Each structure stands twice: as C-alpha cells, then as structure tokens.
Amino acid sequence: MTKQSHDHNFKNLFIDFPKETLEWFFPQAQQNWGDVRKVEFVRQEPKKRKLSKPSLALDMPILFFFENQQLLLWLVEFQEDKAKFSIYELLRYTTDLMEAHPHALVIPIVLFTDRTKWRKDVLRKLETRLNDRLFLHFEYMFFKLFDFNARDYYNINNPVVKILLPKMNYKKEERIEVIRQAYSGLFQLASRMLFDKYVDFIDVYAEVSEEEQENLYHEIIQHKETAMLAQYIRDKGMQQGMQQGMLLEAQDMLIEVLT
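Heads up: these notes are all about the structure in this document. Here the structure is a predicted model, which is why all the values come from computation and not from measurement. Throughout this description, residue numbers start from 1 for each chain and increase along the sequence as written. For a predicted model such as this one, the threshold for reporting local features is a pLDDT of at least 70, and the threshold for listing and counting side-chain atom pairs is 80 or more; totals across whole chains, interfaces and linings nevertheless cover every residue. Processing note: side-chain calculations cover all non-hydrogen atoms of the structure and skip hydrogens and water entirely.

### Concerning unusual backbone geometry
When glycine is set aside, most residues are seen to have a negative phi, and most peptide bonds are trans.
Inference 1: The phi dihedral of N131 falls on the positive side, at around 55 degrees, and the residue is not glycine.
Inference 2: If you trace the backbone, N131 turns up in the loop between β5 (125–130) and β6 (133–139).
Inference 3: Look at E207: it is not a glycine, yet its phi comes out positive at around 50 degrees.
Inference 4: Strands are runs of DSSP state E lasting at least two residues, helices are runs of H or I lasting at least four, and both sets are numbered from the N terminus onward. Tracing the backbone through its elements, the reader meets E207 in the loop between α7 (192–206) and α8 (210–221).
Inference 5: Relative accessible area decides the class of each residue, using a 1.4 Å probe on protein chains only: under 20% of the type maximum gives buried, over 50% gives exposed, and in between gives partly exposed. On the basis of relative accessible area, E207 is assigned to the exposed category, the value being 65%.

### A short note on the nonpolar core
Inference 1: L13, L22, W24, L72, W74 and Y183 are the most contacted members of the largest nonpolar core, which totals 56 residues.
Inference 2: Tallying contributions element by element places α7 first for this core, with eight residues.
Inference 3: The contact criterion used is simple: two residues touch if any of their non-hydrogen atoms lie within 4.5 Å. Among all residues touching L72, those that are not within four sequence positions of it are L22, F26, A29, W33, I62, L63, F64, F66, L105 and I107.
Inference 4: In these notes, a set of buried Ala, Val, Leu, Ile, Met, Phe, Trp, Tyr and Cys residues joined through side-chain atoms within 4.5 Å is what counts as a nonpolar core. Residues V42, L63, I87 and V122 belong to the second largest nonpolar core, which totals 19 residues.

### Here's the deal with the packing of aromatic side chains
Inference 1: Only rings of Phe, Tyr and Trp enter the pairing, Trp through its six-membered ring, and a pair is recorded when the two centres are within 6.5 Å. The plane angle decides the type: under 30 degrees is stacked, over 60 is edge-to-face, the rest tilted. Inspection of every chain in the model, using the stated rule, returns 22 aromatic pairs.
Inference 2: Geometrically, the ring pair formed by F143 and F148 is stacked, given 6.5 Å between the ring centres and 15 degrees between the ring planes.
Inference 3: Centroid distance F201 to Y205: 4.5 Å. Interplanar angle 40 degrees. Geometry classified as tilted. One end of the pair is F201 and the other is Y205, both in helix α7 and four residues apart, which spans about a single turn. Each member of the pair F201 and Y205 is classed as buried.

### Comments concerning the packing of helix α6 (residues 175–189) against α8
Inference 1: Throughout, an axis means a line fitted to C-alpha atoms (over the contacting stretch in the case of helices), and angles, computed between N-to-C directions, take values from 0 to 180 degrees. Interhelical geometry of α6 versus α8 gives an angle of 65 degrees and a closest axis separation of 10 Å. Taken together, the axis directions place α6 and α8 in an arrangement best described as roughly perpendicular. Considering only the axes of α6 and α8, their crossing is right-handed. Between α6, through R175, I176, I179, R180 and Y183, and α8, the contact on the second element is made entirely by E212, N215, L216, E219 and I220.
Inference 2: Gly falls in the polar group here, along with every residue not listed as nonpolar (Ala, Val, Leu, Ile, Met, Phe, Trp, Tyr, Cys, Pro) or charged (Asp, Glu, Lys, Arg). Of the residues in the contact of α6 with α8, the class split is five nonpolar, one polar and four charged. The labels follow the angle: roughly parallel below 35 degrees, roughly antiparallel above 145, roughly perpendicular from 65 to 115, and oblique for the rest. The handedness criterion is simple: a crossing whose near helix is rotated anticlockwise from the far helix by less than a right angle is left-handed, and one whose near helix is rotated clockwise is right-handed.

### Here's the deal with the environment of L71
Inference 1: Its location among the elements puts L71 in strand β3 (residues 71–79).
Inference 2: For the pair L71 and A29, spaced 42 residues apart in the sequence, the C-alpha separation amounts to 9.8 Å.
Inference 3: Apart from the residues within four sequence positions on either side, L71 is in contact with L63, F64, F65, H103, A104 and L105.

### Considering a nonpolar patch on the surface
Inference 1: Here a patch means residues that are over 30% exposed by relative accessible area and free of salt bridges, tied together within 9 Å if like-charged and within 5 Å if nonpolar (Val, Leu, Ile, Met, Phe, Trp, Tyr). Reported accessibility uses the Shrake-Rupley method at a 1.4 Å probe radius. Residues are deemed covered only where the shown protein chains occlude them. Just to be clear on terms, a salt bridge is a Lys or Arg side-chain nitrogen sitting within 4 Å of an Asp or Glu carboxyl oxygen. Judged by side-chain polarity, L130, F135 and L136 come together as a nonpolar surface patch covering roughly 290 Å² of accessible area.
Inference 2: Mapping L130 onto the fold places it in strand β5.
Inference 3: Look at L130 and you get exposed, because its relative accessible area is 52%.

### Observations concerning the packing of α6 against α7
Inference 1: Their axes nearest at 9 Å, the elements α6 and α7 cross at an angle of 160 degrees. One element, α6, and the other, α7, form an angle in the roughly antiparallel class. Two packed elements cross with a definite hand, and for α6 against α7 that hand is right-handed. Taking contact as the criterion, the partners of R175, I179, A182, Y183, L186 and F187 in α6 are, on α7, R192, F195, Y198, V199, I202, D203 and A206.

### Quick notes on the environment of R129
Inference 1: Take R129: it is sitting in strand β5.
Inference 2: Residue classification places R129 among the partly exposed residues on the basis of a relative accessible area of 48%.
Inference 3: Setting aside residues no more than four positions away along its own chain, R129 makes contact with L134 and F135.
Inference 4: Throughout this description, a polar contact denotes any pair of N or O atoms lying within 3.5 Å of each other; where both atoms belong to protein, one of them has to be capable of donating a hydrogen while the other can accept it, and for residues adjacent in sequence the pair is counted only when both atoms sit in side chains. Here the side chain of R129 touches E127 through a polar contact of 3.4 Å, side chain to side chain.

Spelled out as structure tokens, the structure:
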C-alpha cells in the first residue's frame, strides 16, 4: 500500500471518529474541560516560508471546542515507516499551528502503526539549555500500536480501538481471534454504514486472506455474542449475490441487443 492511500485511510478514520480517537489517545481532555461540543478539521497545509519551498502536509490537525469554551488543537501524525518521521518537521508544524491559533492549546501526537520491534527508538524531545536558562523544550505524545497487547483491549468499547486491534501485538495463534474481536466490536459500536467502510480497513491492514475470511466466518457463527453479525454477513452476501446476478443478467440482455 502506498503512503498516500495509508494517509487517506487514517484521515478518514479520524474524521469519522474524532471524539472516540481523542477519548482513547488523550482522555485528559474530557477530564479537564468536559464534553466536546464541536469539532472542526482545519486547513491541512501550513503556510510556506518561501514560495520555492515544497508544501508541508499536516496529517490531521483537529480543533475541539469544549463546554467551558476552552480549545484544544490536536495535531495527529501517523507513521508506518519510522525512518520518515522527523521531530524537527513536527516542531515546525506545531509552531505554525500555534501561530495560526494563538488561543488554542496545541498537543502534538504521533501514532506509529508498523507491526515491528524497533532496534532504535525515534527522537522523543528537543531541548536547548544554558546553565539554568531553558531556551527550547519540545516533546510530543508518543503511541506505537505494536507496544499494545491486543488481548488487553477486547473489552474497550471504542470503535477506533476495535479497528486498530490487528495493528497491535499478538501471538500468531491469536490472529483469528484478534480479527474476530475487531469485526464484532466494530459491528456493535458503529453504524452499519461505518461498519461496511471500516471492515475493509481491518481487512487491508490485517492482510486477511480468503482462507482466513472463511475461518473467521466459522468463528463468528459459533459465538452467541456475534449471532447478529453472522446474520448480517449472510444477508449482505445474499444481497451482493442478487446484485451480481442482476448485473450479469443485464449484461446478457445488452449483448443480445447488440448482436
């Protein structure tokens, strides 16, 4: 999968579930300021310092309005390849947003999504100090999905968590159960439209094969708590089969007319 499609998928996830994403990654926001009253997605690209410079693309800046009128501008950057991450670029993004929104609290968060163990960590903070004088201190909230054990999040009622379960850590023999938990959790917590949309997300990032899909279906129909999901899959399959049949019939009629 290309970086562009990866960005697009994660941006859609945050756009569809902004409050749920905030609730999982930064629960202190609601604890400090109450419920979110409004969410805005601000312009993606910060202004250029020189016209000759290439554009800097922010991954997902989100502006939250809370009950007591306080604002939190939450900059989320997601990285599949940690080698492409630069704390210096993140600092520039953050200060550009601080300048554009001087009354907002800007919280930079980086989400690393690769399912690998790292030999070397990324740079977590920058600091410039002389004696007792601090000239610069910058850090960000760090999340690496592979550091989370998927089984610890089976009972977390958050659709974003369910969607990202297959990007977490699990043993090889747990794979089918992890994906089943992702399917069933998303089915229970999201609308049917969003379930149809993000079950594809799960399949893509978990790289679910046709054989695994068949095994998953058998697992789903064997559990009482996923009986409704099993019925939905059956109905969806029948509906798609009927639509495919109607399409083939229409194609046959068109061929007869043209010949």
